[in-house]
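One-letter residues, chain by chain:
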Amino acid sequence: MRVAIVTSAEPGRGNRTTVDRWIEFVRGFEIEVVAPGAEPAHRPDVVDGYHALHGGPWALELARRFRVPLVVSLGGTDLFAPGVEPVILAADCVTGAFREFGERLRERLGRAVPYAVVPRGVRVPGDLPPRASRGRVLLPAGLRPVKDVLTAIDLLERLRARGLPLALRILGPPLDQAYAAKVRSRAGPFVAVGEAAPLDMREAYLDADVVWNTSLHEGGSNALLEAVAHGCAIFARDVPGNRELLREEGAQGALFDPRDTDGAEAFHRALLAETPAARLARIAAGHSWLRRLHDPRSEAAALEKVWATVDLQGRPNS
């Protein structure tokens, strides 16, 4: 059975990392990644648009042309992006990382759509090298307004003004050149801005004590799961996605409001004072959470079930 995944995600981007993980762990399906506007090399049995905003329109076009079922896999921006309604309403099934995403879709559209949860997965490494808290903060984020990287720099400056010896490392491609220039203009002794290849991200996580997510509404990213897998604490803005992720049983991390400097100070002071025993216990608890709820094989199995179900239904889009 052939599945064409339509995505604009480029190698090195978080979304492409997700698609590559699907390719690795999915069994019984032949997957072809198709860029928007490109033609698949083979006739698909199912078309999956990832995201609704970027991959959805062309996925819908291909599904209609080949008269095969359409799946739309939601990304972080899709719950709020304008103009995605026709794609979502045409889908035979919509998938998202959390049950709550389906509820928000229903609220937005005024009607229910066929929806299935495909939890995000992550590999959990073996033994991690010993580490000590050194006040190193990592923010993996493409440089564009929705990631609100400038707020991270503002927060760091406020925390340093309160005496916390923190340094911020921002890693991500310049996706909005004007915004990227603003971010780079704020670089300095305690704010580093750069990029890292996917294979280098492991070392970036191992070098960090805590990973931040300051996105305005792209929460629940795989970067947070990768952070926990590599022993980092996580400090994530209280937005959809992050909220659902950190309310899971056994989840490791804290939600924050960027205006709450007191709360941020308390979190990071506790992290800096963490004993080696407490750190090992936190890492072990985080790994247990990931193995239980975010195993890549469970992610792949959920996706396989969606593709097989819509293929059996065989409802062409019209």
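Please refer to the structure placed before this passage.
Residues numbered from 1 in each chain as written. Predicted model: local features only at pLDDT ≥ 70, side-chain atom pairs only at ≥ 80, totals over all residues. Heavy atoms only, no water.

Novice: Help me understand the packing of helix α8 (residues 222-229) against helix α11 (residues 276-293), please; the structure alone is not making it clear to me.
Specialist: Each packed pair of helices is defined by two parameters, the angle between the axes and the distance between the axes. Contact pair α8 / α11: the axes reach a minimum separation of 8 Å and the direction vectors enclose 130 degrees. The orientation of α8 with respect to α11, classified from their angle, is oblique. Contacts between α8 and α11 involve L225, V228 and A229 from the first element and G286, H287, W289 and L290 from the second. When grouped by side-chain class, the residues that make up the contact of α8 with α11 number five nonpolar, two polar and no charged. (Axes fitted to C-alpha atoms, helices over the stretch in contact; angles between N-to-C directions. Helix = DSSP H or I, 4+ residues; strand = E, 2+ residues; numbered from the N terminus. Parallel < 35°, antiparallel > 145°, perpendicular 65-115°, else oblique. Contact = heavy atoms within 4.5 Å. Nonpolar A, V, L, I, M, F, W, Y, C, P; charged D, E, K, R; others polar.)

Novice: Just checking my understanding: could you explain the pattern of salt bridges for this structure?
Specialist: Charged atoms that come close allow side chains of opposite charge to pair. With the rule as written, the count across this model stands at 22 salt bridges. In this structure, R99 engages E103 in a salt bridge whose closest nitrogen and oxygen atoms are separated by 2.3 Å. Of this pair, R99 and E103 are both found in helix α4 (residues 99-109), four residues apart, which corresponds to roughly one turn of the helix. Of the residues examined, E103 reaches a relative accessible area of 28% and is grouped as partly exposed. (Salt bridge = Lys/Arg side-chain N within 4 Å of Asp/Glu carboxyl O. Buried < 20%, exposed > 50% of the residue type's maximum accessible area, 1.4 Å probe, protein only.)

Novice: Looking at this model, I keep getting lost on helix α12 (residues 296-313). Mind explaining?
Specialist: It helps to recall that an α-helix has 3.6 residues per turn; residues three or four apart then point in one direction. The terminal C-alpha atoms of α12 lie 26 Å apart, and with 18 residues this matches the ideal 26 Å at 1.5 Å per residue to within 8%. Those residues of α12 that fall on the buried side of the exposure criterion are P296, E299, A300, A302, L303, E304, V306, W307 and V310. (Expected span 1.5 Å × (residues − 1).)

Novice: What is the right way to read the sheet that holds strand β5 (residues 93-96) from this model?
Specialist: As a general point, the strands of a sheet are linked pairwise by backbone hydrogen bonds and lie either parallel or antiparallel. Strand order in the open sheet formed by six strands is β2-β1-β3-β4-β5-β6, and the pairing between neighbours is parallel. In this open sheet, the two strands that pair with only one neighbour each are β2 (30-34) and β6 (115-117). Across the sheet, the axes of successive neighbouring strands diverge by a mean angle of 25 degrees, strand direction being ignored. The pairing of strand β1 (residues 2-6) with strand β3 (residues 46-50) spans four bridges and is classified as parallel. When the bridges of β3 are listed, V3 appears paired with V46. Sheet strands touched by α4: β5 and β6. Its angle to β6, the strand with the most contacts, is close to 155 degrees. (Pairing = 2+ DSSP bridges.)

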